[in-house]
Amino acid sequence: MSRKGSELLKGDREVLLDLDYVAEEHSADGYGSLQNGSFIPARCFAAADVDEVADDDPMYSRCNTRSNQPVAQLGNYFRDGRTKIDFVLVWEIRSRRKKRGKAKSQGNAGEGGAAPAEENNRSERRKAQLAQWRQKFVHNLESAGLLMEKEETANEKKTIHFLKLSAPWDVLLYYAEELCLRAPLQAQPNLDLNTSARVLKRLCIPNVMMESVPNRPLDYYTCAFRKSKMNRFLGCNDQQSYFTNAQRHRVVYEILARTVYGKRKRAEVGVDRLVNEGVYTAAFPLHEGPFQLPKYEICPDELNQRQILYHYWARWWKWYKYQPLDHIREYFGEKIALYFAWLGFYTAWLLPAAVVGTLVFVSGVMSMGSNAPAKDICISEASYLMCPLCNTCKAWNMSDTCTMAKLGYLFDHPGTVLFSVFMSFWAVTFLEYWKRKMATLSHHWDCMDFHEEEERPRPEFAATAPTMQPNPVTGVKEPYFPEKTRLSRMFTGSMIIIMMLCVVMIFLVTVVMCRGIISMMLFHTGSPVLRTEAGTIANISSSIVNLGLILLMGRVYTALAEQLTKWEMHRTQTQYDNAFIFKVFIFQFVNFYSSPFYVAFFKGRFVGYPSNYGTLFGMRNEDCGPGGCLIELAEQLFIIMVGKQVINNIQEFIIPKVKAWHQKRTLAKVLGDNASREPRRWEEDYKLVECEGLFEEYLEMVLQFGFITIFVAAFPLAPLFALLNNWVEIRLDAHKFACEYRRPVAERAQNIGVWFNILEALSHLSVIANAFLIAFTSDFLPRLLYQYKFDNDLNGYVNFTLAYAPRNYTENPMCRYKAFRDNNGDYSLFYWELVGVRLGFIIAFEHVVFFVLRAIDWIVPDVPESLELKIKRERYLAKQALAENQEALLVSRGRGVAHAATPGTSSPVNVAGGGQERITDG
């Protein structure tokens, strides 16, 4: 590059980094803007906004007459057919005629219109300010070297402006080095990223999941890009295709994020803040083209990237095929690709868990008839007269609950205990192998050494921070918020979170009381069927009410958490995201899991005994039903987990379509008579819905992970329902990103971030929760101890578990209730022996499982051995590529050539890292 070009790039960097910089007038040596091949003055962009240009302005008229002239459709290119469109900025302006009409009507209103006139003046000043920001921003983008071309779509009420941006070759080279993009050194065979494919291939079994996807991106050994070593990189001579479209988008977005539009003291910088301020209505890169396949026959290799993703990934009948992760990464970037890689990996691992869980459930169904305690209950008739369930209820026979006793065995038999142990190992093993998969993908996608650079302040933070202080890393002054004030706000926010959690507890108590009231109402109906199934009906109906409250509170709290996190004034987007994720997850954890935790660990623990019942607000505390608490827990998990999944999938299917319909309807009104012409790519993408990120997707899956691990002992079918949901979820998300969302800016990422830490915490919590569930909620240990001490066939077990009412209970003397107590209401010796066994089981279960998990962690390395070899090979190639010719060094040393080389010769010098560099004169 010439000296002048180097000075230009140096000046560009100062424009982007120095907030006090005021761009100079554009010179002939700089990069201009293109409008049909000519330069657009910056005044054109502001003139239409502030209505300071006459209707006969020649430049503005030319910008406005595009729709009257036939122009060839050249896809994602400027009108010259050669310059790629890398980004589009959109803003909407209401037409002048309407404004003038409003001003005239307000002028005729006399004194009564003074207030509206003042409001209108404020609105005009605001619009003028936005136009001024837009003008300065565009001027600085020109100074940064971006090429521009403007399009308009208008009717009598509104004009929609589209500013197309493109980064020329020299700008791409500069920022490729600035952003440490990776450059290809040597091609290598594509990795087979699917373990199941390798296993089936070794077993010579046909793999129906495998599908050949056209135009798979090549895999390369890579190193950090260096402009001075350009000739060492593959494809360096092809300027059109050397940088992928995703890389071009990333470079342009970096420029947009750094560019100043206002005053330094207010940190008025970056396109994100401009969108928040309303200067622009949207800023997005373009999709590669339509996602629909052409009506005529076409070779698969001729499809664009979006059509390939739609045809081979987003369609419903591809549910059993491997995801084209390399294509997803090339189109959407590593961050989104890692989400789909994790979701696919998690779904694949759910398959063995679902199979084992289904087998456990089927084994319970098959052995249900051989359950001795259930048989004893069914044939007991009037042998076991049970004490009344409420103060106004009557005594009842235990044989009435025969059906529930049989069904309870489905969720409380030895198989469920073994399955909970299996799922504890499954959860941690899944995370260990995901770490290996994540390491492989991050290396394959050149993100293993990626670390986020020093992040810029968030736009909202920059807009509201009270002071400016130098950044300790960059030395540049930037918005600052005192740490003590932030901590005090975080403390206040924590108090609000605790208050909201208390609200959740209040709702839980309400649901519990509602369940008790429904049970009493059904019991007093006199119907034998309703009286027998009163507990089940009350549990199901209250669970449905609880699900509605959970979803409602989730919406309310997510909005509250967003406002609290903004109020806490976190400096960077990463800090903001982590604080927001933590708040929402803590609340949703309590919101979704409080009711199952209550049924699993507290229900039936504080009932008391006849003549000494425990009460809550005057109502007797709940006891577990005749089938035990596990069947009630299974009912709650089914309603909450499956109900939430169904509702979320319906929302994900309908809401984007409604938003897109509204956006298309709005744009169709502006297009008017031109709606019949062939739509242009920027207009089509503007109709789409803005990408909402991955927060909701991750949150949904993490909550599901908690359901299938923490309470799996009570609901062995949970992994099966999760598997079915995830098959649908992958295609729903794929269709949203490929067809319904605007294309997001490709972001780099090394892993799934803080979500992995949450998954690890849930997996360890699941071990403890399942240990307590088996020990205190299940009948597994009482049966086991009874078999050891009394009868191996459990004969008489039901009678042994029922105590007689104390003698002072005169309402229903000699009635029975479920407890290990003597005739005085005191705990029996068997109860204390059982407590010892339960505590011993918890300690043994936890230690054994965690020991095995640590062994798995030690045995299974986080980075596969084959990957370590590839990393060493890549580093060797990178060192060879960035170093100079070693043979020249040896020859020059052998000949004793002096360091001061003559023109046309070279001499070696030492450089950092042990490499050699050749300096050539002339």
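A brief structural summary.

About the cut-offs
- Residues numbered from 1 in each chain as written.
- Predicted model: local features only at pLDDT ≥ 70, side-chain atom pairs only at ≥ 80, totals over all residues.
- Heavy atoms only, no water.
- Helix = DSSP H or I, 4+ residues; strand = E, 2+ residues; numbered from the N terminus.
- Contact = heavy atoms within 4.5 Å.
- Polar contact = N/O pair within 3.5 Å; in protein donor to acceptor, adjacent residues only side chain to side chain.
- Salt bridge = Lys/Arg side-chain N within 4 Å of Asp/Glu carboxyl O.
- Phe/Tyr/Trp six-rings, centres within 6.5 Å; stacked < 30°, edge-to-face > 60°.
- Buried < 20%, exposed > 50% of the residue type's maximum accessible area, 1.4 Å probe, protein only.
- Lys NZ or Arg CZ within 6 Å of the ring centre and 35° of its normal.
- Pairing = 2+ DSSP bridges.
- Disulfide = S-S within 2.5 Å.
- Axes fitted to C-alpha atoms, helices over the stretch in contact; angles between N-to-C directions.
- Patch = residues over 30% accessible without salt bridge, like charges linked within 9 Å, V, L, I, M, F, W, Y side chains within 5 Å.
- Areas by Shrake-Rupley, 256 points an atom, 1.4 Å probe, with all protein chains shown as cover.

### Some thoughts on the environment of asparagine 770
Phase 1 of the analysis: Note on placement: asparagine 770 falls in helix H25 (residues 754-777).
Phase 2 of the analysis: Along the primary structure asparagine 770 and valine 712 are separated by 58 residues, whereas in three dimensions their C-alpha atoms are 7.6 Å apart.
Phase 3 of the analysis: What asparagine 770 contacts, discounting residues up to four positions off in sequence, is Ser420, Ser424, Thr709, Ile710, Val712 and Ala713.
Phase 4 of the analysis: Among the polar contacts made by the side chain of asparagine 770, one reaches the main-chain carbonyl oxygen of threonine 709 at a distance of 2.7 Å.
Phase 5 of the analysis: Polar contacts involving the side chain of asparagine 770 include one to the main-chain carbonyl oxygen of serine 766, which spans 2.8 Å.

### Section: the pattern of salt bridges
Phase 1 of the analysis: Applying the stated criterion to the full structure yields 32 salt bridges.
Phase 2 of the analysis: Measuring nitrogen to oxygen at the nearest pair gives 2.9 Å for the salt bridge that ties lysine 657 to glutamate 740. Taken together, the residues lysine 657 in helix H21 (residues 629-671) and glutamate 740 in helix H24 (residues 718-740) connect sequence positions 83 residues apart.
Phase 3 of the analysis: Salt bridges sharing common partners tie together Arg79, Glu149, Glu151, Lys164, Arg680 and Glu683.

### A look at the packing of aromatic side chains
Phase 1 of the analysis: Taken as a whole, this structure holds 65 aromatic pairs when the rule is applied.
Phase 2 of the analysis: Each ring, one from tyrosine 339 and one from phenylalanine 340, has its centre 5.0 Å from the other, and the planes form 70 degrees; the classification is edge-to-face. For the pair formed by tyrosine 339 and phenylalanine 340, the shared burial category is buried.
Phase 3 of the analysis: Residue placement shows arginine 821 over the ring face of tyrosine 827; its charged tip is 4.1 Å from the ring centre.

### Structural notes on the pairing of strand E3 (residues 158-166)
In regular strands, side chains alternate between the two faces of the sheet.
Phase 1 of the analysis: Of all nine residues in E3, eight are buried; the element is thus mostly enclosed.
Phase 2 of the analysis: The sheet contact formed by strand E1 (residues 87-94) and E3 spans eight bridges and is antiparallel. Bridge pairing in E3 places valine 88 opposite lysine 164.
Phase 3 of the analysis: Relative to E3, strand E2 (residues 147-154) runs antiparallel, the two being bridged by eight bridges. Bridge pairing links glutamate 149 to lysine 164 in E3.
Phase 4 of the analysis: Connecting E2 to the antiparallel partner E3 that follows it, the hairpin turn spans three residues.

### Quick notes on the state of the cysteines
Phase 1 of the analysis: Enumeration over the complete set of coordinates arrives at two disulfides.
Phase 2 of the analysis: Here cysteine 378 connects covalently by a disulfide to cysteine 402, the sulfurs 1.9 Å from one another. Disulfide cysteine 378-cysteine 402: the torsion about the S-S bond is 85 degrees, which places it as right-handed. Here cysteine 378, found in helix H13 (residues 372-378), pairs with cysteine 402, found in helix H14 (residues 402-408); they are 24 residues apart in sequence, far enough to count as distant.
Phase 3 of the analysis: The exposure class assigned to cysteine 378 is partly exposed, which follows from its relative accessible area of 23%.
Phase 4 of the analysis: Accessibility expressed as a relative area gives 16% for cysteine 402, which makes it buried.
Phase 5 of the analysis: Between the sulfur of cysteine 387 and that of cysteine 815 lies a disulfide, 1.9 Å long from S to S. When the S-S torsion is 85 degrees, as for the bridge of cysteine 387 with cysteine 815, the disulfide is right-handed.

### Some thoughts on the sheet that holds strand E6 (residues 282-284)
Phase 1 of the analysis: Read from one edge to the other, the open sheet built from four strands follows the order E2-E3-E1-E6, with strand pairing classed as antiparallel. Looking at which strands have only one partner, the edges of the open sheet turn out to be E2 and E6. Across the sheet, the mean angle separating the axes of adjacent strands is 20 degrees when strand polarity is ignored.

### Looking at the side chain of asparagine 725
Phase 1 of the analysis: Positionally, asparagine 725 belongs in helix H24.
Phase 2 of the analysis: Note on asparagine 725: relative accessible area 5%, which makes it buried.
Phase 3 of the analysis: Polar contacts involving the side chain of asparagine 725 include one to the side chain of asparagine 726, which spans 3.1 Å.

### Points about helix H11 (residues 325-332)
Phase 1 of the analysis: H11 sits mainly inside the fold: six of its eight residues count as buried.
Phase 2 of the analysis: Every buried residue of H11 is listed here: Leu325, Asp326, His327, Ile328, Tyr331 and Phe332.
Phase 3 of the analysis: Residues of H11 that are buried in the fold lie against helix H10 (305-314), helix H12 (334-366), helix H15 (414-444) and H24.
Phase 4 of the analysis: In the segment just after H11, glycine 333 is the residue with positive phi, at about 95 degrees.

### Some details on a nonpolar patch on the surface
Phase 1 of the analysis: Taken together, Trp316, Trp317, Val646, Ile650, Phe653, Ile654, Val658 and Val728 make up a surface patch of nonpolar side chains, about 750 Å² in accessible area.
Phase 2 of the analysis: The element best represented in the nonpolar patch is H21, accounting for five residues.
Phase 3 of the analysis: What makes isoleucine 650 partly exposed here is its relative accessible area of 46%.

Read these as spatial facts, not as claims about activity.
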